[in-house]
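# Observations on chain architecture
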Amino acid sequence: MPINNQFALPELPYVGLGGVISPETLSFHHGKHLKAYVDNLNKMLPGSGLEGLPLTEVVKKAEGGMFNNAGQVLNHILYFGQFSPTPHPMGDRMTALLERDFGSVETFRKEFEQKGATLFGSGWVWLSADNGGKLVITQQKNAENPVTMGLTPLLTFDVWEHAYYLDYQNRRADYLAALWQIVDWTVVESRL
Ligand code: MN
């Protein structure tokens, strides 16, 4: 029985994101960085015992270099997939959940940005749902993903320098604040 041990580079669901993320950043971030993670993962899968598993299961089970590459593939699929140049606004359900768990949408946004801005080095800030449906924000280093903690990832901002340096140089906080303009909340809510 043939085993599919190849992951494909996902296509971007848009050609541009206005002035928030430049075409140059998108080209490098998707076409070079994500492509390298996909290629590395595909080289490591044969013989690993994880062939044929869904990507999320590979991330949960892999270690070392394979975890780093599989994690980065999953993280970037979630990151690129949640943006749109014409994003849908937040719906009533997400608004109610954020108000319940953070007090207000604005408080959530400020905490999310602050946790992204203060993450030392490379990594990701995440909004996830726990098993009880409570929404939580986590800071995670390098290729880490909330699925390894039993959480369901909903929204993520990439704070590796490759995500913002061409457009925002060292102004990571400005990049984080700008990303809200392109978050498609229909996509985020579909992950609940
Ligand atoms: Mn990245």
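Throughout what follows, the structure given in this document is the object of discussion. Source: prediction; values computed, not measured. (Residues numbered from 1 in each chain as written. Predicted model: local features only at pLDDT ≥ 70, side-chain atom pairs only at ≥ 80, totals over all residues. Heavy atoms only, no water.)

In this section: the overall build of the protein chain. Counting secondary structure elements, the protein chain contains eight helices and three strands. Element order for the protein chain, N to C, with α for helix and β for strand: α-α-α-α-α-β-β-β-α-α-α. Against the 2.2 N^0.38 benchmark of 16 Å for 192 residues, the protein chain shows a C-alpha radius of gyration of 17 Å, consistent with a compact globule. Relative to its full complement of 192 residues, the protein chain shows a buried share of 46%. Sequence-distant contacts in the protein chain: of pairs separated by 6 or more residues, those separated by 24 or more amount to 68%. Of the roughly 9,300 Å² of accessible surface on the protein chain, a fraction of 54% belongs to carbon and sulfur atoms. Distance between charge centres in the protein chain, computed from 15 positive and 20 negative side chains, equals 3 Å. (Helix = DSSP H or I, 4+ residues; strand = E, 2+ residues; numbered from the N terminus. Rg over C-alpha atoms; globule rule 2.2 N^0.38 Å. Buried < 20%, exposed > 50% of the residue type's maximum accessible area, 1.4 Å probe, protein only. Contact = heavy atoms within 4.5 Å. Areas by Shrake-Rupley, 256 points an atom, 1.4 Å probe, with all protein chains shown as cover. Lys, Arg positive; Asp, Glu negative; His and termini not counted. Charge placed at Lys NZ, Arg CZ, Asp CG, Glu CD.)

Let us look at helix 3 (residues 64–81). With 18 residues, helix 3 should reach 26 Å at 1.5 Å per residue; the first-to-last C-alpha distance of 26 Å fits that figure. With respect to burial, helix 3 is a largely interior element, 13 of its 18 residues being buried. (Expected span 1.5 Å × (residues − 1).)

This brings us to the packing of helix 5 (residues 105–117) against helix 7 (residues 172–179). Between helix 5 and helix 7, the shortest axis-to-axis distance is 9 Å and the interhelical angle comes to 145°. At the point where helix 5 passes helix 7, the crossing takes the right-handed sense. Contacts between helix 5 and helix 7 involve Glu113, Gly116 and Ala117 on the former and, on the latter, Arg172, Leu176 and Ala177. In terms of residue class, the contact of helix 5 with helix 7 is built from three nonpolar, one polar and two charged. (Axes fitted to C-alpha atoms, helices over the stretch in contact; angles between N-to-C directions. Left-handed = near helix turned anticlockwise from the far one by under 90°. Nonpolar A, V, L, I, M, F, W, Y, C, P; charged D, E, K, R; others polar.)

A few words on helix 4 (residues 92–102). Buried within helix 4 are the following residues: Met94, Leu97, Leu98, Asp101 and Phe102. Viewed end-on, helix 4 has its buried residues packed into an arc of 95°, placing them on one side of the element. The exposed residues of helix 4 that point more than 90 degrees off its buried face are Asp92 and Arg100. Where helix 4 is buried, its residues touch helix 5, strand 1 (123–129), strand 2 (135–141), strand 3 (152–158) and helix 8 (185–190). Gly103 sits one or two residues past helix 4 and shows a positive phi near 95°. (Arc of directions from axis to C-beta.)

A word on the environment of Ser48. Structurally, Ser48 is set in the loop between helix 1 (23–44) and helix 2 (55–61). When the C-alpha atoms of Ser48 and Ala62 are compared, they prove to be 8.8 Å apart, with 14 residues separating the residues in sequence. Side-chain polar atoms of Ser48 contact the backbone oxygen of Leu45, separated by 2.6 Å. A distance of 3.1 Å separates the side chain of Ser48 from the backbone nitrogen of Leu50, its partner in a polar contact. (Polar contact = N/O pair within 3.5 Å; in protein donor to acceptor, adjacent residues only side chain to side chain.)

Before going further, it helps to examine the pairing of strand 1. Taken across its seven residues, strand 1 has seven buried, putting it largely inside the fold. By the bridge criterion, seven bridges tie strand 1 to strand 2 in an arrangement that is antiparallel. When the bridges of strand 2 are listed, Leu127 appears paired with Ile137. The hairpin turn running from strand 1 into strand 2, its antiparallel successor, is five residues long, and Gly133 in that turn takes a positive phi close to 90°. In terms of strand pairing, strand 1 meets strand 3 through six bridges, oriented antiparallel. (Pairing = 2+ DSSP bridges.)

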